[in-house]
Amino acid sequence: MSLNNILDQPLTSWMKDPGPDNDIVLSSRIRLARNIGVIPFPNRATEEQLNQVVETVKNSVGDLTKETGTAFMFLDLDKISPLERFVLVEKHLISPVHAQEAKYRGLLTGADGVVSIMVNEEDHLRAQVILPGLQLEEAWQVANSVDDILEAKMDFAFSERQGYLTSCPTNVGSGLRASVMLHLPALVITNQIGRVLSAISQLGLAVRGLYGEGSEAIGNIYQISNQMTLGFAEREIVENLQSVAGQIVEQERLARDYLFKNNNEQLADRVFRAYGILSCARIVSSQEAMRLLSDVRLGVDLGIIQEIDPKIFNELLVKTRPNFLQKIAHRDLDAMGRDMMRAEIIRQTIKRQT
Amino acid sequence: MLCDDCKKRPAVVHLTKMVNNEKYEKNLCEQCAKETGEAQIAFQPKYSIHNLLAGLLNFEPGTGAALTKNQGVMPVCDNCGMSYTEFSRSGRLGCAMCYTHFSQQLEPLLRRVQGGTQHAGKVPGRTGGTLMLKNKIQQLRQDLQKYVSNEEFEKAALVRDEIKQLEKDLNEKGGE
Ligand SMILES: [Zn+2]
Ligand SMILES: [Zn+2]
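Criteria and cut-off values
Residues numbered from 1 in each chain as written. Chains lettered and ligands numbered in written order. Predicted model: local features only at pLDDT ≥ 70, side-chain atom pairs only at ≥ 80, totals over all residues. Heavy atoms only, no water. Helix = DSSP H or I, 4+ residues; strand = E, 2+ residues; numbered from the N terminus. Buried < 20%, exposed > 50% of the residue type's maximum accessible area, 1.4 Å probe, protein only. Contact = heavy atoms within 4.5 Å. Areas by Shrake-Rupley, 256 points an atom, 1.4 Å probe, with all protein chains shown as cover. Patch = residues over 30% accessible without salt bridge, like charges linked within 9 Å, V, L, I, M, F, W, Y side chains within 5 Å. Salt bridge = Lys/Arg side-chain N within 4 Å of Asp/Glu carboxyl O. Domains from an automatic or database assignment. Buried area = accessible area lost by both parts, 1.4 Å probe. Nonpolar A, V, L, I, M, F, W, Y, C, P; charged D, E, K, R; others polar. Phe/Tyr/Trp six-rings, centres within 6.5 Å; stacked < 30°, edge-to-face > 60°. Lys NZ or Arg CZ within 6 Å of the ring centre and 35° of its normal. Donors = N, O, S within 2.8 Å, 3.2 Å for Na, K, Ca; no water. Tetrahedral: all angles 85-135°; square planar, octahedral: opposite > 155°, others 65-115°. Polar contact = N/O pair within 3.5 Å; in protein donor to acceptor, adjacent residues only side chain to side chain. Pairing = 2+ DSSP bridges. Axes fitted to C-alpha atoms, helices over the stretch in contact; angles between N-to-C directions. Parallel < 35°, antiparallel > 145°, perpendicular 65-115°, else oblique. Left-handed = near helix turned anticlockwise from the far one by under 90°.

**Q** Lay out the overall build of chain B in plain terms, naming residues and giving numbers.
**A** Within chain B, the regular secondary structure consists of 9 helices and 2 strands. Scanning chain B from its N terminus toward the C terminus, one meets helices and strands in the order β-β-α-α-α-α-α-α-α-α-α. With 176 residues in all, chain B has 38% of them scored as buried. Across chain B, every contact between residues at least 6 apart in sequence was considered, and the portion connecting residues at least 24 apart equals 34%. Total accessible area on chain B stands at roughly 10700 Å², and carbon and sulfur atoms take up 51% of it.

**Q** Describe a nonpolar patch on the surface, and please don't skip the residues or the numbers.
**A** Among the surface-exposed residues, Ile283(A), Met336(A) and Met340(A) lie close enough to one another that they form a single nonpolar patch of about 290 Å² accessible area. Secondary-structure assignment places Met340(A) in helix 15 (residues 335–353).

**Q** Any chance you could break down the domain arrangement of chain A for me, citing the residues and the numbers?
**A** Residues and elements named next belong to chain A. According to the domain assignment, chain A contains domain 1 (3–255) and domain 2 (263–353). For domain 1 versus domain 2, the separation of C-alpha centres amounts to 26 Å. Contact with domain 1, which involves 24 residues of that partner, is made by 21 residues of domain 2. Approximately 2200 Å² of surface area, both sides summed, lies buried where domain 1 meets domain 2, with 67% of it carried by carbon and sulfur atoms. One salt bridge connects Lys327 with Glu84, and the closest N-O pair in it is separated by 3.4 Å. Taken together, the residues of the side of domain 1 that touches domain 2 sort by class into 13 nonpolar, 5 polar and 6 charged.

**Q** Account for the packing of aromatic side chains, naming residues and giving values.
**A** For the structure shown, the criterion picks out 4 aromatic pairs over all chains. Centre to centre, the rings of Tyr84(B) and Phe87(B) are 5.6 Å apart; their planes meet at 65°, and the pair counts as edge-to-face. Note that Tyr84(B) and Phe87(B) are positioned in helix 5 (residues 84–90) at a spacing of 3 residues, about one turn of the helix. Across the pair, Phe87(B) and Tyr84(B) agree in class, each one buried. On the basis of an interplanar angle of 75° and a centroid distance of 5.5 Å, the ring pair of Tyr84(B) and Phe102(B) is categorised as edge-to-face. Separated by 18 residues along the polypeptide, Tyr84(B) in helix 5 and Phe102(B) in the loop between helix 6 (98–101) and helix 7 (103–113) bring together distant segments of the chain. Judged on exposure class, the residue Tyr84(B) and its partner Phe102(B) are both buried. An aromatic cluster is built from Tyr84(B), Phe87(B) and Phe102(B), whose rings are joined through pairwise contacts. Positioned over the ring face of Tyr164(A) is Arg34(A), at 3.4 Å from the centre of the ring.

**Q** Explain the coordination of the zinc ion (ligand 2) to me, using residue names and the numbers behind them.
**A** Residues and elements named next belong to chain B. Protein coordination of the zinc ion (ligand 2) is provided by Cys77 (SG), Cys80 (SG), Cys95 (SG) and Cys98 (SG), with donor distances spanning 2.3 to 2.4 Å. For the zinc ion (ligand 2), the 4 donor atoms in the first shell make angles of 99 to 123° at the metal, so the coordination geometry reads as tetrahedral. Along the chain, the residues donating to the zinc ion (ligand 2) are arranged with the sequence spacing C-x2-C-x14-C-x2-C. On the criterion of sequence distance, the pair formed by Cys77 in the loop between helix 4 (64–69) and helix 5 and Cys95 in the loop between helix 5 and helix 6 is long-range, its members being 18 residues apart. Neither Cys77 nor Cys95 differs from the other in exposure class; each is buried.

**Q** A description of the interface of chain B and chain A should follow, citing residues and the corresponding values.
**A** Across the contact, 51 residues belong to chain B and 55 residues belong to chain A. Across the interface of chain B and chain A, roughly 4600 Å² is buried in total on both sides, 52% from carbon and sulfur atoms. As a salt-bridge pair, Lys122(B) and Asp148(A) come within 2.8 Å of each other at their nearest N and O atoms. On inspection of chain B and its partner chain A, the count reaches 25 residue pairs in polar contact (both at pLDDT 80 or more). Within the residue set of the side of chain B that touches chain A, elements represented by two or more residues are strand 1 (13–19), helix 3 (49–58), helix 5, helix 7 and helix 8 (131–149) of chain B. Broken down by class, the residue content of the side of chain B that touches chain A amounts to 24 nonpolar, 19 polar and 8 charged.

**Q** A description of the sheet that holds strand 2 (residues 72–76) of chain A should follow, citing residues and the corresponding values.
**A** All names here are of chain A. Strand order in the open sheet formed by 8 strands is 2-3-4-5-1-8-10-9, and the pairing between neighbours is antiparallel. Only two strands of the sheet have a single neighbouring strand rather than two, namely strand 2 and strand 9 (205–209). In this sheet, neighbouring strand axes are inclined to one another by 20° on average, regardless of whether the strands run parallel or antiparallel. Bridging between strand 9 and strand 10 (residues 221–226) involves 5 bridges; their strand directions are antiparallel. Across the sheet, Gly209 pairs through a bridge with Tyr222, a residue of strand 10.

**Q** Outline the packing of helix 5 (residues 82–90) of chain A against helix 14 (residues 322–329) of chain A, listing residues and values.
**A** All names here are of chain A. Running from N to C, helix 5 and helix 14 point in directions that differ by 125°, and their axes come no closer than 8 Å. With respect to their mutual orientation, helix 5 and helix 14 come out oblique. In this structure, helix 5 meets helix 14 at a crossing whose hand is left-handed. Here Leu83, Glu84, Phe86, Val87 and Glu90 of helix 5 come into contact with helix 14, specifically with Pro322, Asn323, Phe324, Gln326 and Lys327.

What follows is the structure in C-alpha cells.
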C-alpha cells in the first residue's frame, strides 16, 4: 500500500463491501480515545513531547501488521499537502481538526482502511474502526483487539475511578464513541424524521446531520452516537446503540413501504427526475449532488431504478467532495470549475453502469 | 419524597430517562435539577461540546466563577501547569494528573455530563492496577449469591474458595 493508494481511491474497503442492513446503514464506527502516561495531552504538550508520542506509536506499526494480518503504515501529516490532508478528512480517515495542525501529527492506518489511528489529535491516540452496514459489535471487537495490541507497548493514562483519562471530560471512562451513519430519505419525505430524532435524543444519544448545518441533513444522512462514556461498560454502550439503530432501520423500512405502496407514481417521478438531472446536467453543486444522489439511491434500494449498483452512491459521496475533486483534477479549481467537474464525474460514473 | 441527589430537599422535578433500554426515574429538588441541567444536555444540534462545557463550568457556583475571585486557592496542575480557570475556559484538561488535581471540581461536572462517576468498562493490563482483580472478585460475589439463593451449595463453595484466593492475591499486591 502506498500513500497514493490511500489518497486516490475513493472507496476504502468499508465502502465497497456490503454489510447487514446496508440499504439504510451506510457505516458503523467505533472510536477509542487513549493517552500515554503523564505526557501532557496534545493541547499542552511541547514539541518534544508530541514527538515522543509519535515515536512511541511508530513502535506499534510492526505489531499491528503482524497481529491483524493487514499492512499498517504511519503517515506524517506534515509531509503531505494541506489538500491531501483534506482528502483524508473527506474519506473519514482523519477529523477536520486533525487536518489543520500538521506538525507532529500523524495517521496510523491499515491497508484496508478499516482501522485508522489519529496521533496527537485532541488525545494522543484516537483509534477508529469503520465497517459497512450495521456492524457495531464487530467494529467494537476489532477496536478492542487493536487497543490490546497498542496497550502491550504503552502505559495508557488510567484511573480506577475515572477509567481512561482524556483531554475532554466528555470522553473519559471508556473513551468510547460509537456511531452509525444512516440514510433516512423516507422518514424525511413522510415528515416523521423530527419525531424519530427527538425520541433518539431522549435515549442519551446525539444526532446530527452528516453534511448539513445542525439538525438539517443534506442528502438525508444522519449520524447517531452515544453521548456518555463514563459509568457504562463498552458492551452496554455498543448494544444500546445497535438496538436503537435497528429500530430506526425498521421505521425507515416501514416508511419506504408506505411510500412505495401509496405514492408510487410521485415517488417514481421524484426518483427519475433526480436520475435524469444527474445523468445529463453540466453544472452540479455539492448540495444539489447530495440531494439528488439520495433520491436516486432510494430509487435503487426500492427497485424503481434497476440498472445502477447501489455501491456507486457511497463512491460518489466521496468523489464529489470539493477536495477530492481537486485531487483528481490535479489542479486548483474555482467553485464553477468544481461544479462542472462534479457533474462530469457523476455522468461518467452513472454511464459506466449502464 | 426527598431529592435523589442531595437527599435533603423535597423532590419537585420528576424525570424519566431511558438508558440502555432501562427506565430510570430521577426525582430532584429544584436546585439539583438546575444543577444537573438534565433537560438541556439531551439534544444539541449544532453544538460545540467545549463551549457547552465551558458554559457549565463558568456558571457553577463554588468552583470556577467563585475561585476566580480568590486567586490564592485556585488549583493548578503541577504536571502540566494548567489552572482550573484555563480549563473552564477551554473545556479541556491538560494531562492525566489534572484529573487528580481538579478532582473536587470535576466530580459534580462528571455527574452532570456523564452517566455516572465510576468507570465500569475495560481495564488495561499494564496500568489498570488491581482493578481487574477487584472487578473479578465483585463478579464472583454476585455468582456466589446466585448459587446460594438457588441452593447450589457445592458450586457456591467452589466460588467462595476462589474469592478467598483472589482476595489473598489482592492483599499481596496491595502490600507491595
Ligand atoms: Zn437536591
Ligand atoms: Zn495537568
